[in-house]
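Structure assessment
Each chain, letter by letter, is given below.
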Amino acid sequence: MPIPIRRAKRIWSLMKKESRQIVRDPSSMMMAFVLPMILLGLFTYGVSLDLRAISIGVVVERMSAEAESLVAAFRSSGYFRVQLAEDRRGLEPLLVSGQVQAVVVIPADFAERALSRQASPVQVLVRAAEANTGELVLNYIEGTLRHWQQNQAIQEGISPRLPGVRFEPRIWYNPEADYLAAMLPGSIAVIMTLIGAMLTSLVVAREWERGTMEALLSMGLSRGELFLGKFFPYFLLGMLAMELISVVGVVFLGVPFRGSWWLLHLVTAVYLGYALGLGLVVSSVTRSQFVATQAALIIGFLPSFLLSGLVFEIQSMPAAIRMLTTIFPPRYFVTA
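The structure reproduced in this document is the subject of the present report. Keep in mind that this is a model prediction, so the values were computed, not measured.

Cut-offs used in this document
- Residues numbered from 1 in each chain as written.
- Predicted model: local features only at pLDDT ≥ 70, side-chain atom pairs only at ≥ 80, totals over all residues.
- Heavy atoms only, no water.
- Helix = DSSP H or I, 4+ residues; strand = E, 2+ residues; numbered from the N terminus.
- Buried < 20%, exposed > 50% of the residue type's maximum accessible area, 1.4 Å probe, protein only.
- Contact = heavy atoms within 4.5 Å.
- Areas by Shrake-Rupley, 256 points an atom, 1.4 Å probe, with all protein chains shown as cover.
- Pairing = 2+ DSSP bridges.
- Axes fitted to C-alpha atoms, helices over the stretch in contact; angles between N-to-C directions.
- Salt bridge = Lys/Arg side-chain N within 4 Å of Asp/Glu carboxyl O.
- Polar contact = N/O pair within 3.5 Å; in protein donor to acceptor, adjacent residues only side chain to side chain.

1. Quick word on the overall build of the protein chain
Tallying secondary structure elements over the protein chain gives 14 helices and 4 strands in all. Evaluated residue by residue, the protein chain yields a buried proportion of 33% over its 336 residues. Nonlocal contacts in the protein chain, meaning residues at least 24 apart in sequence, comprise 70% of its contacts between residues at least 6 apart. Approximately 20400 Å² of the protein chain is accessible, and the part contributed by carbon and sulfur atoms is 64%.

2. What about the sheet that holds strand E2 (residues 80-85)?
Reading across from one edge, E2-E1-E3-E4 is the order of the 4 strands in this open sheet, with mixed pairing throughout. Every interior strand has two partners, whereas the edge strands, E2 and strand E4 (123-126), have only one. The mean angle between the axes of side-by-side strands here comes to 20°, regardless of whether they run parallel or antiparallel. By the bridge criterion, 5 bridges tie strand E1 (residues 54-60) to strand E3 (residues 102-106) in an arrangement that is parallel. The residue of E3 that forms the bridge with Ile 56 is Ala 102. Contacts from helix H3 (residues 65-76) reach E1, E2 and E3, with the element oriented near 150° to E2.

3. Quick look at the pattern of salt bridges
Throughout the structure, instances matching the rule amount to 3 salt bridges. Arg 88 is the partner of Glu 61 in a salt bridge, and the nearest nitrogen-oxygen pair spans 3.3 Å. Pair noted here: Glu 61 is in the loop between E1 and H3 and Arg 88 is in the loop between E2 and helix H4 (92-97), with a separation of 27 residues, a long-range link. With a relative accessible area of 37%, Glu 61 lands in the partly exposed category. Overall, the relative accessible area of 26% leaves Arg 88 in the partly exposed class. Here Arg 146 and Glu 142 are joined by a salt bridge, their closest N and O atoms 2.6 Å apart. Here Arg 146 and its partner Glu 142 are both found in helix H6 (residues 131-155), 4 residues apart, which amounts to about one turn of the helix.

4. Remarks on the side chain of Ser 64
Within the secondary structure, Ser 64 sits in the loop between E1 and H3. By relative accessible area, which is 18% here, Ser 64 ends up buried. Within polar-contact distance, the side chain of Ser 64 engages the backbone nitrogen of Ala 67 at 3.2 Å.

Here it is in structure tokens:
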């Protein structure tokens, strides 16, 4: 038989063997069909750059027809949930805590200035702890103000080609708009997830692959003793990694630290316990270093990056995805 035909037969036999192996291996089918659908759903419906139901406070220092019309414009826009107040001091704590994303202050002389065609300053306070979200909220508010202004001009029979809304921004916190100061604290959650999950995802799988797990089990160790023996060395290593990230961020990258070092260590210790435990579970179930590494990346990285609020605003996600984020610790660690 000619050599090319023999080679073709060997290749064909190997292809049949691998095809049978794929059919028999559920993980291959899941990686090929289930995982793409999950990721597709997350990227199309789970994460969105559009905001809906933005909670804002509107301070009306003196109610008038013009002020009432502007409040109605915010309520009917489809983007805002409006909370009325008569004094901004009642809404500023809600703004700082994140219960409202912005505060719009309509001054007492708003109606008089509008009737006399004078510029009527409207103060907009935006919570920009998440810079991208703050910019979107400001754009939505600006669009609503422009739309209201045009409608008012049309109702009064005036050409809608007015000078428009002119913003004079003043940044209260992080006035330099430093990207590192905005992103580095939250990115620690992603880094610690990868470090924790990756460190321990290989621990048990490595023992099984090297054949040393039987020797460990023959020592009479209980499951709890085995877990603690595997857990604490990597826990200390993870805490040292957090120290390194913090020192580099503050000393060398110039990110200011405002808060308690003790609280940072406490929150990180709790979160690192979750990340290391996740890696140990993955390693124990898979018993393969390669599979454990891939599973740790998928299970650890994706929730910490997509569902933590670090990059994508949680309030803009569908209700089902928002409920899903509540069971993932990265959401709370990013906030902390």
